[in-house]
Amino acid sequence: MPVYLAGAQPSTGRAYGALGEKVLLAAVFLAPYTTWRVMSDILFTASDVLFCLGALIFLASRRMTIRPLGDFTPIWFLGLAMLLTGLLIGSVVNGDPTRWIIVAVQYAFAFALVPMLMNAVTREMAIRQAKAALAGVVVMELFGISVYYRLSGSYEAAKRFGPEFITGEHRLGAFMADANWNAAVITMTVPLIFYLQRRRHIGMVYAVGSLAILLVALLFTGSFTGFSATVASVGLFFLVSGSARSIRLIVALVAIGGALIASGVALPTAFEKRVVGALQNQDLSQAGTYSGRLDLVKEAWTIIDETSVVGIGADQYRAVSRAHAPVHNIFLLLWAEGGLMAMLGWIAMILVPAALAIRMIVRDRLTAGLGLAVFTSFLIFSIAAPHMYSRSWVVPLFATTALLLTSQARMRRRGIPLLDVPPTRMDQPALQ
């Protein structure tokens, strides 16, 4: 159960809290729109502005939680401190302390401020957050698919909507400005559909429509990692949750997909080339830029031989890399830039959401399944991504931890060992 900043909440505080919740929901909705920035060269988006405004309102209403990850909060903040300290040491000794300040602010914003806001909520608000996160991605992907069809996948014509809205390889990046990261946000959002529909927070028609939109958008991203992570996370969700009823969504989607294929609709070219080809030939070298990323990983191993204690400093990897690009593996990147301390801090942090989900398995398998599914997607992409402080990465993760924490608090308060039961009135009480 979250612990809030000391002080009573008068009626004005409750009014501020209600306003803060609306601002927070808007921030969550806009989290994947990373090209909507205050300044084009700085990662500070419209969503970030709303998160900052929400933080001010929550502080005024004394709603900011100081325990955003429940019992695991000390481990979470210790891991974040290790990550930032490792990068600081490397930046002072070998790199650029100014770059450390920028990177540290980004990580602190994403992994301290955002969870302190998103996890300082009631059960009802946690559900609304999850629905807002889902809606934001669905709307973005629906718009992206419409633009793709309208412009016939043209890279040049799509520039009016932002950089890399459609990539040069005719892949859908949407407002994420990167097809792979667009696939990542889709992958982490898909399990929310099954969870919300199973708990009856969204209807079957909305669930089927949302799932269809996200999976079609996933095809347009042409991301092998996104496709693999989606299959793995959805499979894990069903395995852990044991929720056979949600299979109706899959059956409905398969029927729709079968009808489309029978009508002669072709798969997107990028998906056929990057995903279908790699699967048919059982050759990962055909999976897009796999070979190039593997070369970066091999290079990273030569760099970390000399950076186990003191790294090369925040954002310095591209300066020493032969390819002038960061390795797309956050574990190796942090190891190179911040030494073992930074990498171990990251590991400590990302294991916390997994621990929260595992602890829920014996009492609420559905919520536990959601937690493990989203964590799996996040983990898979962390092996294929550089720095992950963009809020588009963390919002689906914290929307899930909010559901885990409020579900746990509800059961502790009621003393009920909940085991995947249909929702009742006990789903709704607010935390006091």
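A quick note: this is a predicted structure, and the numbers were derived from the prediction, not measured.

Conventions adopted
- Residues numbered from 1 in each chain as written.
- Predicted model: local features only at pLDDT ≥ 70, side-chain atom pairs only at ≥ 80, totals over all residues.
- Heavy atoms only, no water.
- pLDDT = per-residue confidence, 0-100.
- Helix = DSSP H or I, 4+ residues; strand = E, 2+ residues; numbered from the N terminus.
- Contact = heavy atoms within 4.5 Å.
- Expected span 1.5 Å × (residues − 1).
- Salt bridge = Lys/Arg side-chain N within 4 Å of Asp/Glu carboxyl O.
- Buried < 20%, exposed > 50% of the residue type's maximum accessible area, 1.4 Å probe, protein only.
- 1 Å grid on protein atoms, 1.4 Å probe; cavity = no way out; pocket = protein on both sides within 12 Å on 5 of 7 lines; lining within 4 Å.
- Points joined across faces, edges and corners; volume = space filled by probe spheres on them.
- Nonpolar A, V, L, I, M, F, W, Y, C, P; charged D, E, K, R; others polar.
- Patch = residues over 30% accessible without salt bridge, like charges linked within 9 Å, V, L, I, M, F, W, Y side chains within 5 Å.
- Areas by Shrake-Rupley, 256 points an atom, 1.4 Å probe, with all protein chains shown as cover.

Undergrad: Give me the confidence of the model for the protein chain: which residues, what numbers.
TA: With 83% of its residues at a pLDDT of at least 70, the protein chain reaches an overall mean of 86. The least confident element of the protein chain is helix α9 (residues 247–262), whose mean pLDDT is 66; the most confident is helix α3 (residues 73–93), at 97. pLDDT under 50 marks residues 418–432. Its contacts with residues more than four places away, or in other chains, come to 42 contacts.

Undergrad: Give a detailed account of helix α7 (residues 204–221), specifying residues and quantitative values.
TA: Taking 1.5 Å of rise per residue, 18 residues should cover 26 Å, and α7 covers 26 Å from first to last C-alpha, within 8% of that figure. At the C-terminal side of α7, Gly222 shows a positive phi close to 60 degrees.

Undergrad: Could you give me a rundown of the pattern of salt bridges, with the residues and numbers involved?
TA: Scanning the entire structure with this criterion turns up 10 salt bridges. Of the charged contacts in the structure, one is a salt bridge between Arg67 and Asp71, with a shortest N-O distance of 2.9 Å. Using a relative accessible area of 27% as the deciding quantity, one classes Arg67 as partly exposed. With relative accessibility at 39%, the residue Asp71 sits in the partly exposed group. Its salt-bridge partner being Arg199, residue Asp364 comes within 2.7 Å of it at the nearest N-O pair. Residue Asp364 is located in the loop between α13 (330–360) and α14 (365–382), and its partner Arg199 is located in the loop between α6 (179–198) and α7; the two are separated by 165 residues in the primary sequence. With relative accessibility at 0%, the residue Asp364 sits in the buried group. Overall, Arg199 belongs to the buried group, its relative accessible area being 1%. Each member of the salt-bridge network shares a partner with another, and the members are Glu21, Arg63 and Arg128.

Undergrad: Tell me about empty space enclosed by the protein, residues and numbers included.
TA: The tally for this structure, following the rule as stated, stands at 2 cavities of 30 Å³ or more. Considered as a void within the structure, the largest cavity measures approximately 50 Å³ in volume. Taken together, Val28, Ala31, Pro32, Ala133, Val137, Val185, Thr189, Ser392, Val395 and Pro396 make up the lining of the largest cavity. Secondary structure elements with two or more residues in the lining of the largest cavity: α5 (123–150), α6 and α15 (391–414). Residues of the lining of the largest cavity, tallied by class, amount to 8 nonpolar, 2 polar and no charged. Approximately 30 Å³ is the volume found for the second largest cavity. Among the residues forming the lining of the second largest cavity, the class breakdown is 2 nonpolar, 4 polar and 2 charged.

Undergrad: Lay out a nonpolar patch on the surface in plain terms, naming residues and giving numbers.
TA: A cluster of nonpolar side chains, namely Leu88, Ile89, Val92, Val93 and Met341, defines an oily patch on the protein surface of about 400 Å² accessible area. When residues in the nonpolar patch are grouped by element, the largest group, 4 residues, is from α3. Along the chain, the position of Met341 falls in helix α13. Owing to a relative accessible area of 35%, Met341 belongs among the partly exposed residues under this scheme.

Undergrad: Would you mind going over the side chain of Asn182 in detail, with residue names and values included?
TA: With respect to the helices, strands and loops of the structure, Asn182 is situated in helix α6. A residue is classified by how much of its surface remains accessible, and Asn182, at 0% relative accessible area, is buried. Sequence-distant contacts of Asn182, defined by excluding residues within four places in its chain, comprise Met140, Glu141, Leu172, Gly173, Ala174, Met176 and Thr221.

Undergrad: How would you summarise unusual backbone geometry if you had to cite specific residues and measurements?
TA: For Arg200, which is not glycine, the phi dihedral falls at a positive 65 degrees. One can find Arg200 in the loop between α6 and α7. Residue Asp315 is not a glycine yet carries a positive backbone phi of 65 degrees. By the secondary structure assignment, Asp315 is in the loop between α11 (290–304) and α12 (317–320).

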